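Descriptive analysis of the structure
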Amino acid sequence: MRQFYSLLPITGAMRWRLALGLFLACVAALANFGLLFLSGWLLAGAAFAGAAGMAAQQAFNMMLPAAGVRFFATLRILSRYAERLVTHDTALQLIGALRAWTYGKLAPLAPAGVNDKRGGDLLSRFVTDTDQMGQYYTDTLLPFVRAGVCCAVAIGITAVFLKTAAVWLIAASLVCGVAVPFVTGRLSDALLARVATEHGVQQADLAETLQSLGDYLTLGAAERQQEHILHQQHALMAALRKLAALEGAARGIITLCATGTTLAVLASSVKAFQNHALSLPEVPMLVLGSLATFDVLAPLPAARQTWGRIRLATTRLHAACAVSPLVPTPAIPAQVQPPYNLKLDNVSFRYPETHQWILHKASLSIRQGERVALIGPSGSGKSSLISLLFRFYPYQEGKISFSGMDLSTFQTETLAQNISVAAQNFHLFNGSLRDNLLLAAPHATEADLQDALRVVQLHAFVAQTPQGLDTLIGNDGLKLSGGQAKRLTIAQALLRKTPWLILDEPTEGLDAETENALMTSLLKARPDATLLCITHRRTVLPFMDRAIRIENGAFHPAEEARA
Ligand SMILES: Nc1ncnc2c1ncn2[C@@H]1O[C@H](COP(=O)(O)OP(=O)(O)OP(=O)(O)O)[C@@H](O)[C@H]1O
């Protein structure tokens, strides 16, 4: 459980609120105990006084228990209300802090560190697991602390009146507060692990199914997928039913135990009354007091089950987050200085856990302001060069320098401030054209947005849509054509106004006229920018100063650019 406790610093500023919530929960439970305890005394005393007449009425002081009952009733209501308010608010804050921690851990791992994880499973860890870990406070810690405090006080007070009754309560507390929750908890652990794994797989499957509904239909696989989801759901329900049965059995044992203990306390109290060791009103007082103790013991089996869930959630979250980035972040990151020249010196690179060299002793030099086309067969490593430049993957040999300094001295964020990429596998967010553009350049003005759209030849299209820049583009830009979506990503890159622009297949899917207009206005808009164009299209080459071919892991000057 080291992993769980390593997260404790997250609670930081919330510690006082956490302690206040625990205190209020204990006060509410003790008020409940006090209320039942005194009610027993008051009811029995009143009945006894009514039956025995005037003399007994004077002998029994009704005012004291009546005032006590009123006090505890009011305290119970107020402390319960305050407890719910404080504990639930703190739990939500805790979940928020855990999510921020998770995001902070996951973000630097992308994309290389999360490549092997399914999106839906990560989402499940990000949402469900953090939720469950946040529940540690309200659903595990709080019930156990409350039960511990309340049982100790109840046993202590009972012992003052009758030692035998206190012994019964100690035995019941050990059985119901320790043995039952921990035995049923151990029995639940394996089931909980199964549920957590199946739930993660189901979430991942569901996320992928929802993203690809159309593809399942066109592949004729929709019905099979529906059956698969149903089958998963049945398996999950079966495990959940077993967990509920275990918890139900535990609650049943506690109810039996409560009945048995209450009868035992009643029997020993009656005996003590007959021996003149207890007064008559004290008999129901001890019986109701022992019943009140079970109010705090009953939730413990569920609290122990939740603890099992939390342990699994912590392990799952750590497995996703506690991974070191493939490329370590420099302790003191360097700043990029002009001139922004790129140099690869005998660089060899292959992806982790693969044998094929993508680059093998490859050298390349691009000076600031150059316009270079990078060509080569599919799979030759053109896009991989971008990943290397952004330090997503480590290279095994050689040296890469940018602006005269080793690439390893920069943070990815610093490089991103100087290099903009319109990647081949881009993602557009489900929002408006404006939202997507402003994501790249939050401070861009309306005029900047219009200029960028003009350069990428999207202005006419945007002008004719009724909502203009506020047109919604759908999930992943599905309401745009492939060419429009690609040009939107080029507009994003342009808006960032970085010294370097890397465009992966910028004119893919465009007709010759639009391609020509885009390349002409791009060069006019950014005459100073260093441009690296990854392309298969010969028509782009006349716009470039030179072309480089990548083949068999090495860069070669290409004749095509001089055409
Ligand atoms: N994350 C990865 N892990 C392992 N291998 C990868 C990974 N990404 C790419 N590859 C492999 O690296 C090689 C180069 O891929 P890359 O995407 O750089 O090629 P490319 O020249 O850009 O191709 P295309 O022109 O088709 O876009 C391919 O064989 C590919 O299978």
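Residues numbered from 1 in each chain as written. Predicted model: local features only at pLDDT ≥ 70, side-chain atom pairs only at ≥ 80, totals over all residues.

Overview of the UniProt feature "transmembrane region" (unreviewed entry) in the chain
On the UniProt side, "transmembrane region" (unreviewed entry) is annotated at positions that read residues 59-78, 141-161 and 167-184 here. Secondary structure within residues 141-161 divides into 100% helix and 0% strand; the distance between the first and last C-alpha atoms comes to 31 Å. A distance of 24 Å separates the end C-alpha atoms of residues 167-184, which is 100% helix and 0% strand. (UniProt positions renumbered as here; feature names shortened; annotations may be inferred. Helix = DSSP H or I, 4+ residues; strand = E, 2+ residues; numbered from the N terminus.)

Some words on the nonpolar core
Counting residues in each nonpolar core, the largest one holds 62 residues, and the members touching the most others are Ala-373, Leu-374, Ala-452, Val-456, Ala-491 and Cys-533. Of the residues forming this core, the biggest block, six residues, is contributed by helix 16 (residues 482-495). Residue contacts for Val-456: discarding those within four places in its chain leaves Arg-487, Ile-490, Ala-491 and Leu-518. In terms of nonpolar packing, the next biggest core, distinct from the first, is built from 59 residues, Ala-44, Leu-94, Leu-162 and Ala-172 among them. (Core = buried A, V, L, I, M, F, W, Y, C linked by C-beta atoms within 7 Å. Buried ≥ 20, exposed ≤ 12 C-beta atoms within 10 Å, placed from the backbone. Contact = placed C-beta atoms within 7 Å.)

Section: the sheet that holds strand 5 (residues 405-406)
With antiparallel pairing, four strands are arranged side by side in an open sheet as 2-1-4-5. Two strands bound the open sheet, and with one partner strand each, they are strand 2 (359-366) and strand 5. The pairing of strand 4 (residues 397-402) with strand 5 spans two bridges and is antiparallel. Counted as the bridge partner of Ser-401 is Asp-406 from strand 5. (Pairing = 2+ DSSP bridges.)

A word on the site of the ligand
Around the ligand, 13 residues are found, and the nearest of them are Tyr-351, Ser-378, Lys-382, Ser-383 and Ser-384. Along the lines of polarity and charge, the residues of the shell around the ligand split into two nonpolar, ten polar and one charged. (Near = placed C-beta within 6 Å. Nonpolar A, V, L, I, M, F, W, Y, C, P; charged D, E, K, R; others polar.)

Considering unusual backbone geometry
Cis geometry is found at the peptide bond from Pro-338 to Pro-339, where omega equals 0°. Tracing the backbone shows Pro-339 in the loop between helix 10 (300-321) and strand 1 (342-349). Residue Glu-353 is not a glycine yet carries a positive backbone phi of 60°. When you line up the elements, Glu-353 lands in the loop between strand 1 and strand 2. In this structure Glu-353 comes out as exposed when scored by C-beta crowding, with 6 C-beta atoms within 10 Å.

Some remarks on the confidence of the model for the chain
Across the chain, the average pLDDT comes to 88, with 94% of residues at 70 or higher. The weakest mean pLDDT in the chain belongs to helix 3 (residues 54-59) at 58; the strongest belongs to strand 1 at 95. Quick note on the complex model: pTM equals 0.72, ipTM equals 0.97. (pLDDT = per-residue confidence, 0-100.)

Topic: the pairing of strand 6 (residues 419-422)
Burial along strand 6 is two-sided: the residues Ile-419 and Val-421 and Ser-420 and Ala-422 are all buried. Bridging between strand 6 and strand 7 (residues 500-504) involves four bridges; their strand directions are parallel. Bridge pairing in strand 7 links Val-421 to Ile-502.

Describing the sheet that holds strand 3 (residues 371-375)
Ordered by their spatial adjacency, six strands build an open sheet running 6-7-8-3-9-10, and the pairing between neighbours is mixed. The open sheet is flanked by strand 6 and strand 10 (554-558), the only strands paired with a single partner. This sheet shows a mean twist of 20° between the axes of neighbouring strands, independent of strand direction. Pairing of strand 9 (residues 546-551) with strand 10, which is carried by five bridges, proceeds in the antiparallel orientation. Across the sheet, Arg-549 pairs through a bridge with His-556, a residue of strand 10. (Axes fitted to C-alpha atoms, helices over the stretch in contact; angles between N-to-C directions.)

Structural notes on the packing of helix 6 (residues 163-211) against helix 8 (residues 222-274)
In the contact formed by helix 6 and helix 8, the axes pass within 10 Å of each other and the chain directions differ by 175°. With respect to helix 8, the element helix 6 is oriented roughly antiparallel. Among the residues forming the contact of helix 6 with helix 8, the class breakdown is 27 nonpolar, eleven polar and four charged. (Parallel < 35°, antiparallel > 145°, perpendicular 65-115°, else oblique.)

A short note on the pairing of strand 7
With five of five residues buried, strand 7 lies mostly within the body of the structure. Taking every second residue as pointing to the same face, both faces of strand 7 are buried, with Trp-500, Ile-502 and Asp-504 on one and Leu-501 and Leu-503 on the other. Here strand 7 pairs with strand 8 (residues 530-534) via five bridges, running parallel. Paired with Leu-503 across the bridge in strand 8 is Cys-533. Assessed by its sense of winding, the connection that carries the chain from strand 7 through helix 17 (residues 512-525) to strand 8 is right-handed. (Right-handed = clockwise from strand over helix to strand, strands pointing away.)

Describing helix 8
With 53 residues, helix 8 should reach 78 Å at 1.5 Å per residue; the first-to-last C-alpha distance of 77 Å fits that figure. For helix 8, every residue scored as buried is listed here: Ala-250, Ile-254, Cys-257, Thr-261, Thr-262, Val-265, Ser-268, Ser-269 and Ala-272. Where the residues of helix 8 are buried, they touch helix 6, helix 9 (282-297) and helix 10. Backbone geometry just after helix 8 places His-276 at a positive phi near 65°. (Expected span 1.5 Å × (residues − 1).)

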